[in-house]
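# Chain and residue survey
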Amino acid sequence: MFGFGIYLMRLVDYLQEKKYKKCNICNKTIQGKDKLEEHMLKEH
Ligand SMILES: [Zn+2]
């Protein structure tokens, strides 16, 4: 599980750097945290 934790941290860093977020429900890529929250409210 330790290796998986590092993988997740690197993934989070990558996403924050790109400022793209991935919806963990439909796997859609959304630009920005606010847009993702809006997507979660409207689509799910
Ligand atoms: Zn979604």
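Below: a short report on this structure.

Calculation rules
Residues numbered from 1 in each chain as written. Predicted model: local features only at pLDDT ≥ 70, side-chain atom pairs only at ≥ 80, totals over all residues. Heavy atoms only, no water. Donors = N, O, S within 2.8 Å, 3.2 Å for Na, K, Ca; no water. Tetrahedral: all angles 85-135°; square planar, octahedral: opposite > 155°, others 65-115°. Helix = DSSP H or I, 4+ residues; strand = E, 2+ residues; numbered from the N terminus. Buried < 20%, exposed > 50% of the residue type's maximum accessible area, 1.4 Å probe, protein only. Patch = residues over 30% accessible without salt bridge, like charges linked within 9 Å, V, L, I, M, F, W, Y side chains within 5 Å. Areas by Shrake-Rupley, 256 points an atom, 1.4 Å probe, with all protein chains shown as cover. Salt bridge = Lys/Arg side-chain N within 4 Å of Asp/Glu carboxyl O.

### A few points about the coordination of the zinc ion
- Only Cys23 (SG), Cys26 (SG), His39 (NE2) and His44 (NE2) from the protein coordinate the zinc ion, and they sit 1.9 to 2.3 Å from it.
- Bound by four donor atoms, the zinc ion shows angles of 105 to 120° at the metal and therefore tetrahedral coordination geometry.
- Considered as a linear motif, the donors of the zinc ion on their single chain read C-x2-C-x12-H-x4-H. Taken as a pair, Cys23 in the loop between strand 1 (20-22) and strand 2 (29-31) and His44 in the segment after helix 2 (33-43) lie far apart in primary sequence, 21 residues in all.
- A relative accessible area of 1% places Cys23 in the buried class.
- Of the residues examined, His44 reaches a relative accessible area of 40% and is grouped as partly exposed.

### Re a nonpolar patch on the surface
- Taken together, the side chains of Phe4, Tyr7, Leu8, Leu11 and Tyr14 define a hydrophobic patch exposed on the protein surface, amounting to about 510 Å² of accessible area.
- With respect to the helices and strands, Phe4 occurs in helix 1 (residues 2-18).

### Concerning the pattern of salt bridges
- Taken as a whole, this structure holds one salt bridge when the rule is applied.
- For Lys42, the salt bridge is made with Glu38, and the minimal N-O distance between the two is 3.2 Å. Separated by four residues within a single helix, Lys42 and Glu38 lie in helix 2, roughly one turn from each other.
- Residue classification places Glu38 among the partly exposed residues on the basis of a relative accessible area of 39%.

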